[in-house]
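Okay, here's what each chain looks like letter by letter:
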Amino acid sequence: MSESTRYQPQAIEERWQQQWQAEGADATPVLNGSGDARAFYALSMFPYPSGNLHMGHVRNYVITDVIARVQRMRGCRVLHPMGWDAFGLPAENAAIERGVDPGAWTDRNIASMRAQLQRLGLSIDWNREVATCHSAYYRWTQWLFLELLQAGLAYQKDATVNWDPVDQTVLANEQVDSEGRSWRSGALVQKRKLRQWFLKITAYADQLLDDLPKLEGWPERVRTMQANWIGRSSGAELSFPVIDDDGRETGDTITVFTTRPDTLFGVSYVVLAPEHPLVARLTASEQAIPVEAFCDLVSRQSEQERTAEDRPKRGVPLGAWVRNPASGERIPLWIADYVLADYGTGAVMGVPAHDLRDFAFARHYDLPVRRVILPEGSEEQSLEGVAWTEPGVLIHSGRFDGLSSSQAKTAIAAAAEAEGWGRARTTYRLRDWLISRQRYWGCPIPVIHCESCGVVPVPAEQLPVELPRDVAFSGKGGSPLAQLESWWRVDCPCCGAPARRETDTMDTFMCSSWYFLRYSDPHNTALPFSREAVDAWLPVDQYVGGIEHAILHLLYSRFFTKVLRDRGLLGFDEPFARLLTQGMVQGITYKNPQSGRYIAPADVADPSDPRDPGSGEPLEVFYEKMSKSKHNGVDPAVVIGRYGADTARMFILFKAPPEKDLEWDDADVEGQFRFLQRLWRLVEGAVDRGLSLAAPHGPGGIRADSTTLVPDPASFSPADRELRRAVHTAIAAVSDDLEGDLQFNTAVSELMKLSNAMGEHLAAACEPVAQEALRSLLLLLAPFAPHLAEELWCQLGAGEAGSIHRQCWPVVDPAALVRDTVPLVIQVKGKVRGSLDVPADADRDTLEKLALASEIAAKWLEGKAPSRVIVVPGRLVNLVP
RNA sequence: GCGCCCGUAGCCCAACCGGUAGAGGCAGGUCACUUAAAAUGACCCCAGUGCGGGUUCGAAUCCCGCCGGGCGCACCA
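Residues numbered from 1 in each chain as written. Chains lettered and ligands numbered in written order. Predicted model: local features only at pLDDT ≥ 70, side-chain atom pairs only at ≥ 80, totals over all residues. Heavy atoms only, no water.

**What about the pairing of strand 20 (residues 454-457)?**
Reasoning step 1: As paired elements, strand 19 (residues 447-450) and strand 20 share four bridges and run antiparallel to each other. By the bridge assignment, Ile448 is partnered in strand 20 with Val456.
Reasoning step 2: With antiparallel pairing between neighbouring strands as the criterion, strand 19 and strand 20 make up a hairpin whose turn holds three residues. (Pairing = 2+ DSSP bridges. Helix = DSSP H or I, 4+ residues; strand = E, 2+ residues; numbered from the N terminus.)

Set out below in C-alpha cells:
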C-alpha cells in the first residue's frame, strides 16, 4: 500500500476543519417562520472555562454534535451553540494566588478551550458564543434580576445561612449536600446569620412540582430527585393555646404542623424546637436551669450530630401546658432535639401511638400512649407495644369517631378552620434560593442602598453595573468589592444623597439559568432576547449534560422560565423538552490497599499482575471518575493527537450507552481506530476499482445527490440482494437508534456490521448497488466521524454534490429488506428442536402445515397429533403434544 | 428506614410487544501473508442471563422473595 493512501487522521481533520470554518458550514440557518423546515435546538450544558478540556466534556459535546448533525441531515434548521459559564471562584483564586486579572485569566482559558473543542470537529455555531462574565451578557443577567425584583420575587432578609469557610462565601441549600458539605469546595459548611438576597423560588414550588409529569423526555430519576427536593407535604397547622396552672389561657399559642391531623386526639405532649422563639417565655422558673442547659447542649452540636439517624431522642419539659383544641385535654409542653426550627412551624404534636419517633420519645420519658386510629378490622388490644403509622378508623376521637383517616384529615382541618384553631396547610422542603455571594468574580447585584430611599434598583439604562478593574486581591477581609470604596460610593438614583452600592455578587447559577435563552438572540442590545427568537427556537429539543445538575441548574432554569413566562418575556412553560444525562467517563485506577496511594497506570509494569512499583505489593484495580489525584485521567488532546478526533468520537459513542458510565480502555480505542482504517481501505479499494459517486457514467448508475436506484431489481444477483439487504437493514437500524432512546453504541455497531457485509459482497455487486452501499455507509457515518466521512465522500468524487453534511439522511427501501425465505424455528413443548426454511410470506395455516409435515415434527411427536399449536409468523411454530 | 436503577461470555456491551440467548468490539487462540515481526485477512474458543420460587406452550424480558452494586431522600412532624 502506498503512503498516500494510508488513513492519516490529523491531516484530513485539520484540512476539513479549516474548510468548514471558511465556508461557515456550521452557521445557524435563519428561521423565516414560513414553516418549511422544522427548527431543532440541540444544546450541551456549557462548561466552566477551566482551560482544560476533559473526557467528560468530550462525551457531552460529541453526543450533542451527533444529534445536531443527524437533525440537519433530516432537513431541520438546527441551532447548536456553545458558551462559557465564566464567572466563578477559580478565576478569583488565581488572582489571589498568582496576581493575574480574573477577566484576562478567564478569556485566555476560553480561547484555549475553544480551540480544543474545535479540534473535535463539533458543528457549533461560534457566532452565537456567549460568556457570562462579559458585560454584554451580564448586563442582561442584571436586567433579569431587576425583573425579579419588580415582580416581588427578589428580596433581602436576615437568615441563618450556609457559610463555606474555604470559598469564603455563602451558599444556597441546593449547593450543600446531605452531609453538609459544599458542592464546590467539599468543606463542611457553617451556619451564619447574615442579611442576604433571596429569590422566591418557593412561590413556584407547586408549578415546579406539578409540571414534572409533563417532562416525558426527562429521565425518571431526575424528575424524582426534583420532586424529592421540592418535598411537598400536605397537612394542617393546628393551634394549641397555652394555659396556666388553673387552666386559663395565657394568650400565647403554639402552632404545630402535622401531616396527620386525624391523630389529634392522640396527642400526649407538644414539642418545640430548642430554638423556638417562645421557649424562653414559656419555661417555668423551676425548669429554667435544665431547659437552658439543654438548649445550650443542642446549640453546640453540629447539624450532623443532631440529625444523625439512630441517636436517641432527648428532651426536657418546660413546665408549661397547652390545651388540645379538639378534646380540651391539658397537655405538657416539651422541647426536644429532634424537632427542627426551620421546618414547618418548629413545633410538633407528639402522638406516640401513631408515630415511630414520638413512640420512642414517649417510652423514654414515660409519656402516655393514646390509640386513636384502629387498623381496619382489627382489635385495639392487638396493638400493644407498637406504633401504628398507617391509616385506619378513628376511635376515642369524640365527634370524629368512626371516620377513616382520610375523611378525618379533611374533617378535622375543616373544624379547625371553622372554629379558629387551625387550617389545612401545605409545606415544602424547598427553600428560597439564596443568591448573594461575598466574592468579586460574579455578576454584581444591581441595587443601591440609600439611607432614606432604602433599596433602589439601578435604573435599566445605567446597566450594566460593571465589575471594577484593577482590584487588589488579598484573599482577606471579605469581598474585594466591599473594600473598594471608590466603586461602592455612589449617589442615590432617587434622591441624589450619598449611597452605597450592593457589594455582593450573584450566585453563578443565576447566570446559567437563562443562557439557553440568550443563544436564540445572542447579539440583541435592546433586550436579553426577543420574544420572537426565543419562541421560535425554544424549548430546547434536546439537552445533554451531567446528572450532577439534576436539581441545581435544572431546577433554577425551570424556575426562571416560569417567571419569565409570567412576565410575558417568553411563551412556554418548560425550557428543556428532552434531557439526556450522560454517564461519567471513568479511568482505570490502581490503588495500593495497604498505603491507600494511587499509582499512575504508566508506573504499573504488568497490567495483568499490577503491583506497587515501590513495594511490590499487589494493587487494587477498578474504574473511577477521572481525576488528577487518582492519576487515572486521559487527556483528550493526547488521544486526538494519536488517533484523531473521529476515533475519539467513535470510541466514546460506542463503548457504552450514553447514560451509563463509560470505562476508558486504550485497547478499545485502538480497536476503534482499526475500524476507521478498515473503512478507509474499503473505500480506497472501491476507488481503485473505478467506483465513483460522481455523475453517472452510464445508464443505471446513481448520482451522489440522488436517492433512487435505477436498475431493474430483477437483474440483481444474490450478492446484490445480500448487499442491499445489509445496506437497508443498517439504514433502518441506525435511524432507529437515533430516534427516541438515543443509542449511539448500537448505531456504531450497525456501521461495523454494514462495513463487514460490504467487505464480503461489494466486489461482487453490480455498480449501482455498490454505489448505493458506499453512499449509504458514508451518510450514516457522517454524524459520527464527520471528517472521515467527508474525506471519503470526496475521494469517491461526490464532492460536486456538496459537503456530505448537507446531504439528506438515507431512506430505507422496504423492498430491499424482503427475503424469499426465512428460517422458521420448530419448537416441541417449548423446546427448540430444529428449523425449516419457509416462504417469507407464508400465512399461519401454511406455517402450521409445514411444521407438522416436517421431519422434526415426525421425530418428536412420534406420530401423535399435537393438542395445541402456537404459530408466531416469521418466527416459530410451537407444537404441544 | 423509604424510593429508584442495574446484575447476560475473561471484559465492554446487544437481544422489537415474552418467541432460536449474541449483533458489534476488546482480550485470547489457530491459520494465511512475511526471511522475521508488525500490520492485515480468514477462522475459532467462551455464557444459558446474580440466586430461589411463580405465571406461561415458551421468561434475560412479567410477578414474588433474597443476594450484590449504584443513586436519590432521610429525626421533614
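Text resumes after the structure shown.
**Some thoughts on the side chain of Asp432**
Reasoning step 1: Within the fold, Asp432 resides in the loop between strand 16 (422-427) and strand 17 (433-434).
Reasoning step 2: Nearest to the buried, unbridged Asp432 among oppositely charged side chains is Lys157, at 5.1 Å.
Reasoning step 3: Once residues lying within four places of it in the same chain are set aside, the contact partners of Asp432 are Tyr155, Phe198, Leu199, Lys200, Ile201 and Thr202. (Buried < 20%, exposed > 50% of the residue type's maximum accessible area, 1.4 Å probe, protein only. Lys, Arg positive; Asp, Glu negative; His and termini not counted. Salt bridge = Lys/Arg side-chain N within 4 Å of Asp/Glu carboxyl O. Contact = heavy atoms within 4.5 Å.)

**Here we look at the sheet that holds strand 19**
Reasoning step 1: Taken in spatial order, the four strands of this open sheet run 20-19-22-21, and their pairing is antiparallel. With one partner strand each, in any of the chains shown, strand 20 and strand 21 (489-491) form the two edges of the open sheet. Adjacent strand axes in the sheet meet at a mean angle of 40 degrees, parallel and antiparallel pairs treated alike.
Reasoning step 2: Alignment of strand 19 against strand 22 (residues 498-501), held across two bridges, turns out to be antiparallel. The residue bridging Ile448 from the neighbouring strand is Arg501, located in strand 22. (Axes fitted to C-alpha atoms, helices over the stretch in contact; angles between N-to-C directions.)

**Concerning the protein's contact with RNA strand B**
Reasoning step 1: The environment of RNA strand B is formed by 51 residues, the closest being Arg357, Arg429, Met752, Arg875 and Asn878.
Reasoning step 2: In RNA strand B, atoms within 4 Å of the protein come from the sugar-phosphate backbone in 61% of cases.
Reasoning step 3: Contacts to RNA strand B include Thr258, whose side-chain N or O atom sits 3.0 Å from a sugar or linking oxygen.
Reasoning step 4: Here a sugar or linking oxygen of RNA strand B and a backbone polar atom of Thr259 are 2.4 Å apart.
Reasoning step 5: Elements that contribute at least two residues to the surface near RNA strand B include exactly helix 7 (220-230), strand 9 (249-258), helix 20 (666-688), helix 22 (744-761), strand 30 (821-828), strand 32 (868-872) and strand 33 (876-880).
Reasoning step 6: A breakdown of the residues in the surface near RNA strand B according to their chemical character gives 18 nonpolar, 14 polar and 19 charged. (Near = heavy atom within 4 Å. Polar contact = N/O pair within 3.5 Å; in protein donor to acceptor, adjacent residues only side chain to side chain. Nonpolar A, V, L, I, M, F, W, Y, C, P; charged D, E, K, R; others polar.)

**What about unusual backbone geometry?**
Reasoning step 1: Note the cis peptide between Leu463 and Pro464, where omega equals 0 degrees.
Reasoning step 2: In this structure, Pro464 sits in the loop between strand 20 and helix 13 (485-488).
Reasoning step 3: Backbone torsion omega between Leu538 and Pro539 reads 0 degrees, so that peptide bond is classified as cis.
Reasoning step 4: Of note, the phi angle at Asp366 is positive, near 60 degrees, even though the residue is not glycine.
Reasoning step 5: A positive phi is found at His396, a non-glycine position, where the angle reads about 50 degrees.
Reasoning step 6: Take His396: it is sitting in the loop between strand 15 (393-394) and helix 12 (405-419).
Reasoning step 7: Accessibility expressed as a relative area gives 49% for His396, which makes it partly exposed.

**Quick word on the sheet that holds strand 5 (residues 154-164)**
Reasoning step 1: Reading across the sheet, the four strands line up as 6-5-7-17 and stay open at both edges, with antiparallel pairing between neighbours. Whereas interior strands pair on both sides, the edge strands pair on one side only; in this sheet they are strand 6 (169-171) and strand 17.

**Points about the packing of aromatic side chains**
Reasoning step 1: Scanning the entire structure with this criterion turns up 32 aromatic pairs.
Reasoning step 2: An angle of 70 degrees between the planes, with centres 5.8 Å apart, marks the rings of Trp140 and Trp143 as edge-to-face. Residue Trp140 and its partner Trp143 are both found in helix 5 (residues 135-150); the two are separated by three residues, about one turn of the helix. Neither Trp140 nor Trp143 differs from the other in exposure class; each is buried. (Phe/Tyr/Trp six-rings, centres within 6.5 Å; stacked < 30°, edge-to-face > 60°.)

**Examining the environment of Arg323**
Reasoning step 1: Tracing the sequence through the fold places Arg323 in strand 11 (residues 315-323).
Reasoning step 2: Put simply, Arg323 and Leu723 are 400 residues apart on the chain and 86 Å apart in space, counted from C-alpha to C-alpha.
Reasoning step 3: Not counting the four nearest positions on each side in its chain, Arg323 is found in contact with Phe240, Pro241, Ile243, Gly247, Glu249, Gly328 and Glu329.
Reasoning step 4: Within the structure, the side chain of Arg323 is placed 2.5 Å from the side chain of Glu249, a separation counted as a polar contact.

**A closer look at the nonpolar core**
Reasoning step 1: Judged by nonpolar contacts, the single largest core of 189 residues is most densely connected at Phe145, Trp433, Leu517, Phe559, Trp664 and Phe784.
Reasoning step 2: Residue contributions to this core peak at 10 residues, all from helix 2 (residues 55-73).
Reasoning step 3: When neighbours within four sequence positions are excluded, Phe559 is seen to be in contact with Leu148, Leu199, Lys200, Ile201, Tyr204, Leu208 and Trp433.
Reasoning step 4: Leu238, Phe240, Ala320 and Leu394 belong to the second largest nonpolar core, which has 37 residues in total. (Core = buried A, V, L, I, M, F, W, Y, C linked by side-chain atoms within 4.5 Å.)

**Focus: the state of the cysteines**
Reasoning step 1: Taken as a whole and assessed by the stated rule, the structure comprises zero disulfides.
Reasoning step 2: Unpaired in this structure, Cys808 has its nearest cysteine sulfur neighbour in Cys76, at a distance of 11 Å. (Disulfide = S-S within 2.5 Å.)

**Some points on the environment of Ala763**
Reasoning step 1: Turning to its location among the elements, Ala763 is positioned in the loop between helix 22 and helix 23 (767-781).
Reasoning step 2: Residue Ala763 is classed as exposed on the basis of its relative accessible area of 61%.
Reasoning step 3: Each C-alpha atom of the pair Ala763 and Arg429 lies 67 Å from the other, and the pair is 334 residues apart in sequence.

**Points about a positive patch on the surface**
Reasoning step 1: Taken together, the side chains of Lys829, Lys831, Arg833 and Lys859 define a basic patch exposed on the protein surface.
Reasoning step 2: Structurally, Arg833 is set in strand 31 (residues 831-839). (Patch = residues over 30% accessible without salt bridge, like charges linked within 9 Å, V, L, I, M, F, W, Y side chains within 5 Å. Areas by Shrake-Rupley, 256 points an atom, 1.4 Å probe, with all protein chains shown as cover. Charge placed at Lys NZ, Arg CZ, Asp CG, Glu CD.)

**Details of the packing of helix 20 against helix 23**
Reasoning step 1: Put simply, helix 20 and helix 23 touch, their axes get as near as 12 Å, and they point 150 degrees apart. Taken together, helix 20 and helix 23 sit at an angle that is classed as roughly antiparallel. Relative to helix 23, the crossing made by helix 20 is left-handed. Residues Leu679, Leu682, Val683 and Ala686 of helix 20 form the contact with helix 23, whose own contacting residues are Leu774, Leu777, Leu778 and Leu781.
Reasoning step 2: Taken together, the residues of the contact of helix 20 with helix 23 sort by class into eight nonpolar, no polar and no charged. (Parallel < 35°, antiparallel > 145°, perpendicular 65-115°, else oblique. Left-handed = near helix turned anticlockwise from the far one by under 90°.)

**Observations concerning the pattern of salt bridges**
Reasoning step 1: For the structure on display, the rule yields 40 salt bridges.
Reasoning step 2: Residues Glu419 and Arg399 are paired through a salt bridge, measuring 3.1 Å at the closest nitrogen-oxygen approach. Of this pair, Glu419 sits in helix 12 while Arg399 sits in the loop between strand 15 and helix 12, and the two are 20 residues apart along the sequence.
Reasoning step 3: Since its relative accessible area comes to 45%, Glu419 is described here as partly exposed.
Reasoning step 4: On the accessibility criterion, Arg399 (51% relative accessible area) is exposed.

Read these as spatial facts, not as claims about activity.
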